Amino acid sequence: MKIHFPLAEAVISNLHLIFEEGRYADRVIEHCFKKNKKWGARDRRFIAENTYDIVRNYRLLAECAGSKQPWMLLAAHWIKNGIQLPDWKELNGINPSYIVNKLKDTELTFAIKESVPDWMCELGKVELPEIWETEMTALNKEAHVVLRTNTLKITRKKLQEALLKEEISTFESDEMPEALILEKRQSVFSSQAFKNGFFEIQDIASQHVAQFTDIKPGQRVIDACAGGGGKSLHLAALMQNKGKIISMDVEEWKLNELKRRAARAGVQNIETRLIGSNTVQGQKNSADRLLLDVPCSGTGVLKRNPDAKWKLTPERIQEIKKTQAKILLDYSVMVKPGGKLIYATCSIFPSENQHQVKSFLQENPAFILEEEKTILPSAGFDGFYMSRLIKSE
């Protein structure tokens, strides 16, 4: 395997921005590609995969290399994957045998082997004592790229055929009727199928949420933490563009992104609203369905956001849990009698999930738990939690 120095340099630059400047990995890589439009698909894949793999295995690689210096991390990564090191001055002094022996060291702790901060590993053992190690190992695998067919415009079968004509191979998921999974990682955003609004990128676990709302065409839905709107768009398709979806968020730029996505998807029943001081009270007792996909630790999506391991802190998780409880309490007034509240997170920690719902129900007897679902990363996709609560008549 021939490695080209400019591509390695790009990886090194990405690692510096992620670890030294605290930037988000996905944005760093996106910016990297925008600066170097001459790179082809293979070059981009090399840069993205090497960057993400090093971020994912950062602690293990640093331990085995004896350094957090980016070139040392890159060398340890290549040695771990059986790649012969190029004869570059940047790699002088690296001892491959030492790194190979360290990788085999049986004394390495689970936290080091799976590249998890000690505090997170301890918290995981408390939160999920019987399955933590299994789930953390699963979270260190590369995530699948999953497409959600936009059924407002096309069927899954026809989408699959259209993508194949553009040399994008996929296979169907038995778990979700709209899901297609890429055979190999490749960019799909330049495809004509994407430009036509035939699909969105959305993990299977995330696709479960809209299905779980038990939505019906013609109903009034509030997606109160809409963000960029992936679940709002899915709800619109399930509702066949009938009824009304109020997509709300505290960030206007996210709602603007949702408007662009909705236009491309041919969605006509979404109205965006920036959350202000009276927005919630103005929607009191109005929603047939209220979706609260609340801010969370993101521990269920570490496969695709591995740098979150190094940005999270115990203090930040405590702040997040306070925010979750406040959103549940404050926003629940928007559910009308007989309506349903759906609480969802992409966390695998029960303290953000079942415990939050239990506390809310104890303080709000008008709501009754109808169903809850946990999707674990060991099932092959992201980790998600969702519960559906009914408000009494």
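Just so it is clear, the model here is predicted, and its values are computed rather than measured. (Residues numbered from 1 in each chain as written. Predicted model: local features only at pLDDT ≥ 70, side-chain atom pairs only at ≥ 80, totals over all residues. Heavy atoms only, no water.)

Asker: Requested: an account of the pairing of strand β8 (residues 287–293), with residues and values cited.
Answerer: The buried fraction of β8 is high, at seven of seven residues. Across three bridges, strand β5 (residues 220–223) lies against β8 in parallel orientation. Note that in β8 the partner of aspartate 223 across the bridge is leucine 291. Where β8 and strand β9 (residues 335–345) come together, six bridges link them in parallel fashion. Residue pairing for β9: arginine 289 is matched across the bridge by lysine 340. (Buried < 20%, exposed > 50% of the residue type's maximum accessible area, 1.4 Å probe, protein only. Helix = DSSP H or I, 4+ residues; strand = E, 2+ residues; numbered from the N terminus. Pairing = 2+ DSSP bridges.)

Asker: How would you sum up the sheet that holds strand β11 (residues 384–391)? Please name residues and give values.
Answerer: With mixed pairing, the seven strands of this open sheet are ordered in space as β7-β6-β5-β8-β9-β11-β10. Both edges of this open sheet fall to β7 (270–274) and β10 (367–375), since each of them pairs with a single strand only. Neighbour-to-neighbour, the strand axes of this sheet turn through a mean angle of 15°, independent of strand direction. Note: β5 against strand β6 (residues 244–249), four bridges, orientation parallel. Counterpart to valine 221 in the pairing with β6 is isoleucine 245. In this fold helix α12 (residues 204–212) packs onto β8, β9, β10 and β11, with an angle of close to 10° to the strand it touches most, β11. (Axes fitted to C-alpha atoms, helices over the stretch in contact; angles between N-to-C directions. Contact = heavy atoms within 4.5 Å.)

Asker: An account of the pattern of salt bridges is needed here, citing residue identities and associated values.
Answerer: One pass over the structure, following the stated rule, counts 27 salt bridges. With its nearest N and O atoms 3.8 Å apart, the salt bridge here joins glutamate 142 to arginine 185. Of the two residues, glutamate 142 is situated in the loop between α9 (132–139) and β1 (146–149) and arginine 185 in the loop between β3 (179–182) and α11 (192–195); the sequence distance between them amounts to 43 residues. (Salt bridge = Lys/Arg side-chain N within 4 Å of Asp/Glu carboxyl O.)

Purely spatial values, then, with no claim about function.
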